[in-house]
Amino acid sequence: MGNSNKRERLKKQKEVLIATLGSEPQVVTIALDELLKKGYSLSKVIVIYTKGPKVLDALGILDDEFSKEFYKMEFTKVPVKLYSRDEVIEDFLTEESIKALLSTIYKEVRELKQNGFTIHFLISGGRKIMGTIGMLVAQLLFGDEDRLWYLITEGWEPGKERKLHLSNEEKVWLVQIPVIRWSEASTLMRTVAEIGDPSEVEAWYKKLTKKAEMKRRKEFLDHWLTPAEREVVELVCKGYDNASISQILHKKEQTIANQLQSIYEKLKEWMDYPSMKVDRNLLIAEFAPYFALKDLEE
């Protein structure tokens, strides 16, 4: 019921697909087909491109496909430019070109969020650096309803005949990539969206993230765990094994094991990891920094 209601809310919102473009235009069309099959109501497609000859060829093919009104939606082409010279980049070979890529993607996502769009960002196409920068921008600006996607097709290799649309028998996977989003309140998200320079956002993000993470961890320890479980977590994070913890707390070792299992289940729910293994290593990685800083402050 929850997923159904969420999908209904998405359908009522404006939705857009942003895609990084390389030399293979079918990456965009196949992913778009899959999103439409999943029931997403997309009204606009934006491709981020460079002026490499093969990329421009792919852009032309997409232009033709959308001009046929096959999709009946808006198609927008956004070049990665060196704005100091008003020049479209051919490849990412300098620090200046990477900054231009970051500014281009950041500007597009920021404007879409300000205009109320739900974003589907496909990072399969083009240079790997385009996907990396796309993930960075998603971490900075995405909300709960936005999605980051990666396309995988079986049996296709670069250079093979282009098929802009696949049959139902051909295998394709559109994988949603988890995005670690801001954990602060929505007011902070709005503030981020108002900052025009991504380097300023990065500096602000670093400053606030540490405080936000400490607050989240404290809330889990205080409100999700019993006092006895909190004692166990602290000792685990300080490097003690179950036998040592049982001696310190004067409890049976099996009792400690049972408490840890309960803690793992609660942590799994808190972190929203339905299919991921939650174990001692994850517990330590998440909460050892909290207890280390807590000890310093005391």
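**Quick look at the overall build of the protein chain**
Check the secondary structure of the protein chain and you find 11 helices and 8 strands. A separation threshold of at least 6 residues defines the contact pool for the protein chain, and within that pool the share at least 24 residues apart is 72%. By element, 50% of the accessible surface of the protein chain is carried by carbon and sulfur atoms, the whole surface being about 16,800 Å².

**Remarks on the packing of aromatic side chains**
Applying the stated criterion across every chain yields a total of 8 aromatic pairs. With a centroid separation of 4.8 Å and 40° between ring planes, the pair formed by Phe-220 and Trp-270 is classed as tilted. Pair noted here: Phe-220 is in helix H7 (residues 198-223) and Trp-270 is in helix H10 (residues 253-270), with a separation of 50 residues, a long-range link. In this structure Phe-220 comes out as buried when scored by relative accessible area, which is 0%. Judged by relative accessible area, which is 16%, Trp-270 ranks as buried. One aromatic cluster is present, formed by Phe-220, Trp-224, Trp-270 and Phe-287 through successive ring pairs. Positioned above the aromatic ring of Phe-117 is the side chain of Lys-14, whose terminal nitrogen or guanidinium carbon lies 4.6 Å from the ring centre.

**A few points about the side chain of Asn-242**
By the element assignment, Asn-242 lies in helix H9 (residues 242-249). The residues contacting Asn-242, other than those within four sequence positions of it, are Glu-253, Ile-256, Ala-257, Leu-260 and Arg-280.

**A look at the environment of Leu-151**
By secondary structure assignment, the location of Leu-151 is in strand S7 (residues 147-153). Taking the relative accessible area as the measure of exposure, Leu-151 reaches 11% and is therefore buried. Expressed as a C-alpha distance, the spacing of Leu-151 and Ser-124, which sit 27 residues apart in the sequence, is 5.9 Å. Discounting residues that sit within four places of it in the chain, Leu-151 has contacts with Val-27, Ile-30, Ala-31, Leu-122, Ser-124, Val-172, Trp-173 and Leu-174.

**As for the confidence of the model for the protein chain**
Caution applies to low-pLDDT regions: their predicted coordinates should not be interpreted in detail. With 79% of its residues at a pLDDT of 70 or more, the protein chain shows a mean pLDDT of 82. Note that residues 1-11 has pLDDT below 50 and, in this model, 12 contacts with residues that lie over four places away or in other chains.

**Describing the nonpolar core**
Val-109 and Phe-121 are the most contacted members of the largest nonpolar core, which has 30 residues in total. When contributions to this core are tallied by element, the ones reaching two or more residues are strand S1 (14-20), strand S2 (42-49), helix H4 (95-114), strand S6 (117-122) and helix H5 (128-141). The element best represented in this core is H4, accounting for 7 residues. Counting residues in hydrophobic clusters, the runner-up holds 27 residues, among them Val-27, Leu-32, Leu-35 and Leu-122.

**Remarks on the sheet that holds strand S3 (residues 74-79)**
Strand order in this open sheet of 6 strands is S3-S2-S1-S6-S7-S8, and the pairing throughout is mixed. Strand pairing shows two members of the sheet lacking a second neighbour, S3 and strand S8 (172-177), which therefore form its edges. The average undirected angle you get between the axes of adjacent strands in this sheet is 25°. Two elements, S6 and S7, share 3 bridges in a ladder whose sense is parallel. Note that in S7 the partner of Leu-122 across the bridge is Trp-149. Along the sheet face, helix H2 (residues 26-37) touches S1, S2, S6, S7 and S8 and points at about 155° away from the line of S2.

**Section: a nonpolar patch on the surface**
On the surface, a nonpolar cluster with roughly 340 Å² of combined accessible area is contributed by Tyr-150, Ile-152, Trp-173 and Val-175. Elements represented by at least two residues in the nonpolar patch include exactly S7 and S8.

**Overview of unusual backbone geometry**
The phi angle at Lys-72 is positive, at roughly 55°, despite the residue not being glycine. Mapped onto the elements of the fold, Lys-72 is located in the loop between helix H3 (53-67) and S3. Phi is positive for His-250, which is not a glycine, with a value near 60°. Mapped onto the secondary structure, His-250 falls in the loop between H9 and H10. Residue His-250 is classed as exposed on the basis of its relative accessible area of 73%.

**A few points about the pairing of S7**
Two faces, one strand: in a regular strand the side chains alternate between the faces of the sheet. Where S7 lies against S8, 6 bridges are found, and the strand directions are antiparallel. Bridge pairing links Leu-151 to Leu-174 in S8.

**Looking at the environment of Ile-18**
Residue placement: Ile-18 occurs in strand S1. Apart from residues lying up to four places away in sequence, Ile-18 is in contact with Ile-46, Ile-48, Val-109, Leu-112, Ile-119, His-120, Phe-121 and Leu-122.

**Let's talk about the side chain of Glu-34**
On the secondary structure map, Glu-34 appears in helix H2. Leaving out residues up to four positions away in the same chain, Glu-34 has contacts with Val-172 and Leu-174.

Calculation rules
- Residues numbered from 1 in each chain as written.
- Predicted model: local features only at pLDDT ≥ 70, side-chain atom pairs only at ≥ 80, totals over all residues.
- Heavy atoms only, no water.
- Helix = DSSP H or I, 4+ residues; strand = E, 2+ residues; numbered from the N terminus.
- Contact = heavy atoms within 4.5 Å.
- Areas by Shrake-Rupley, 256 points an atom, 1.4 Å probe, with all protein chains shown as cover.
- Phe/Tyr/Trp six-rings, centres within 6.5 Å; stacked < 30°, edge-to-face > 60°.
- Buried < 20%, exposed > 50% of the residue type's maximum accessible area, 1.4 Å probe, protein only.
- Lys NZ or Arg CZ within 6 Å of the ring centre and 35° of its normal.
- pLDDT = per-residue confidence, 0-100.
- Core = buried A, V, L, I, M, F, W, Y, C linked by side-chain atoms within 4.5 Å.
- Pairing = 2+ DSSP bridges.
- Axes fitted to C-alpha atoms, helices over the stretch in contact; angles between N-to-C directions.
- Patch = residues over 30% accessible without salt bridge, like charges linked within 9 Å, V, L, I, M, F, W, Y side chains within 5 Å.
- Salt bridge = Lys/Arg side-chain N within 4 Å of Asp/Glu carboxyl O.

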